Amino acid sequence: MSGKPRLTYCNGRGRMEPVRWLLAAAGVEFEEIFLETREQYEKLIKDGVLMFQQVPLVEIDGMKMVQTRAILSYIAGKYNLYGKDLKERALIDMYVEGITDLMQMILMFPFSPPEAKEKNLDSIKERATNRYFPVFEKVLKQHGQDFLVGNKFSWADVQLIEAILAVEEKIPAVLSGFPQLQECGLFKELSLSYGCLKSSTRRN
Ligand SMILES: N[C@@H](CCC(=O)N[C@@H](CS)C(=O)NCC(=O)O)C(=O)O
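Residues numbered from 1 in each chain as written. Predicted model: local features only at pLDDT ≥ 70, side-chain atom pairs only at ≥ 80, totals over all residues. Heavy atoms only, no water.

Note the threshold: UniProt positions are given in the numbering used here, feature names are shortened, and annotations may be inferred rather than shown by experiment.
For the protein chain, the name recorded in an unreviewed UniProt entry is Glutathione S-transferase, with Aquila chrysaetos chrysaetos as its organism. For the record of the protein chain, the UniProt heading Catalytic activity (unreviewed entry) holds the text "RX + glutathione = an S-substituted glutathione + a halide anion + H(+)".

Written as structure tokens, this is what we have:
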């Protein structure tokens, strides 16, 4: 093994996408194994690699990690993207969980039956513009800093950018009422990392 983290998932965004984003934001190169057949997945289960018989699987620092949240917390902690103390960490956790709730709607969207697509898209727009984006717009406006927590780039920023781009992809004008989100420094910070992510963000 190369020493790079190895990510095992299907060739789609899904639950692995925030892991790809976070590693890229931390400047960490990684390898990917895409599961293409049922047999590949069943072999992992048979070999006892998947603790709960589920992917994502991330092999990192000698561990075979499952559970997206645990994987992300580990990476955030390891690469200093998880706040300077427990209070900053609590804030990052709250922001991340809120954004994850919004992303859950986006994750499920491709599985909507055709007759429910329009309604589900409206729900994503409604939740993004009335519940989630206003929180981050207000935070950035109130403290006047580039980043959400502690004036330092963190996991919460990475998660927010992923969500903004995912929602914009479906609803291009969604940020029109959110000037802080449009102009914040988060995008500058990620501009380098974003290059490595272009291929993965093109996935569905
Ligand atoms: N709580 C787990 C859920 C993982 C999960 O549902 N993975 C799906 C693929 S996205 C899976 O492996 N499903 C197969 C199964 O549950 O049997 C996490 O966040 O990682």
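## Structural notes on the pattern of salt bridges
We apply this condition: A pair is scored as a salt bridge if a Lys or Arg side-chain nitrogen falls within 4 Å of a carboxyl oxygen belonging to Asp or Glu. Helix numbering and strand numbering both begin at the N terminus, where a helix is a DSSP run of H or I of at least 4 residues and a strand a DSSP run of E of at least 2.
A full pass over the atoms with the stated rule returns 14 salt bridges. Between lysine 78 and aspartate 61 there is a salt bridge; the shortest N-O distance is 2.8 Å. Placement of the pair is lysine 78 in helix α3 (residues 68-78) and aspartate 61 in the loop between β3 (57-60) and β4 (63-66), with a sequence separation of 17 residues. A single network of salt bridges, built from pairs that share partners, joins Arg6, Glu59 and Lys64.

## Some points on the environment of glutamine 53
Looking at the secondary structure, you find glutamine 53 in the loop between α2 (38-46) and β3. C-alpha separation for the pair glutamine 53 and glutamate 42, spaced eleven residues apart in sequence, amounts to 8.6 Å.

## Side note on the site of the ligand
We count it as follows: The criterion for a residue being near a molecule or strand is simple. One of its heavy atoms has to lie within 4 Å of it. Nitrogen and oxygen atoms within 3.5 Å of one another constitute a polar contact, given that in protein one can donate a hydrogen and the other can accept it, and given that sequence-neighbouring residues count only through two side-chain atoms. Each accessible area is a Shrake-Rupley result for a 1.4 Å probe, and residues are judged covered by the shown protein chains and nothing else. Throughout, the ten residues Ala, Val, Leu, Ile, Met, Phe, Trp, Tyr, Cys and Pro are labelled nonpolar, Asp, Glu, Lys and Arg are labelled charged, and all others, Gly among them, are labelled polar.
In the neighbourhood of the ligand, the contacting residues comprise Tyr9, Arg15, Tyr41, Gln53, Gln54, Val55, Pro56, Gln67 and Thr68. In the model, a nitrogen atom of the ligand is placed 2.7 Å from a nitrogen or oxygen of the valine 55 main chain. Threonine 68 places a side-chain nitrogen or oxygen 2.8 Å from an oxygen atom of the ligand. Relative to its unbound accessible surface of 500 Å², the ligand loses 61% to contact with the protein. Here the shell around the ligand is built from residues that sort into four nonpolar, four polar and one charged.

## So, unusual backbone geometry
Put simply, the rule reads: Buried residues are those whose accessible area, probed at 1.4 Å on protein chains only, stays under 20% of the maximum for their type, while exposed residues exceed 50% and partly exposed ones sit between those limits.
Between valine 55 and the following residue, proline 56, the backbone shows a cis peptide bond with an omega angle of 10°. The phi torsion at asparagine 80 lies on the positive side, around 60°, for a residue other than glycine. As for its placement among the helices and strands, asparagine 80 is situated in the loop between α3 and α4 (86-108). Non-glycine residue asparagine 151 carries a positive phi angle of around 55°. Along the chain, the position of asparagine 151 falls in the loop between α5 (117-143) and α6 (155-170). Assessed through its relative accessible area of 46%, asparagine 151 is described here as partly exposed.

## What about the sheet that holds strand β2 (residues 31-34)?
Stated formally: Any two strands with at least two DSSP-identified bridges between them are counted as paired. Simply put, an axis is a line fit to the C-alpha atoms, just over the touching stretch for a helix, and the angle between two N-to-C directions goes from 0 to 180 degrees.
Strand order in the open sheet formed by four strands is β2-β1-β3-β4, with mixed pairing between adjacent strands. With partners counted over all chains shown, the strands left at the sheet margins are β2 and β4, one partner each. Each adjacent strand pair in this sheet contributes to an overall mean axis angle of 20°, direction not counted. The pairing of β3 with β4 spans four bridges and is classified as antiparallel. Bridging from a neighbouring strand, leucine 57 pairs with valine 66 of β4.

## Considering the nonpolar core
Within soluble globular proteins, side chains that are nonpolar tend to cluster in buried spots. Defined as follows: Definition of nonpolar core: a set of buried residues of the types Ala, Val, Leu, Ile, Met, Phe, Trp, Tyr and Cys, connected through side-chain atoms within 4.5 Å. Throughout the structure description, domain borders are defined by an automatic or database domain assignment.
Residues Val19, Leu22, Phe133, Leu148, Trp155, Val167 and Leu181 are the most contacted members of the largest nonpolar core, which totals 51 residues. Within the residue set of this core, elements represented by two or more residues are β1 (6-9), α1 (17-25), β3, α3, α4, α5 and α6. Counting the residues that make up this core, at least three belong to each of domain 1 (6-78) and domain 2 (86-191). Core analysis: the next-biggest nonpolar cluster, separate from the first, contains seven residues, Leu35, Tyr41, Leu44 and Leu50 among them.

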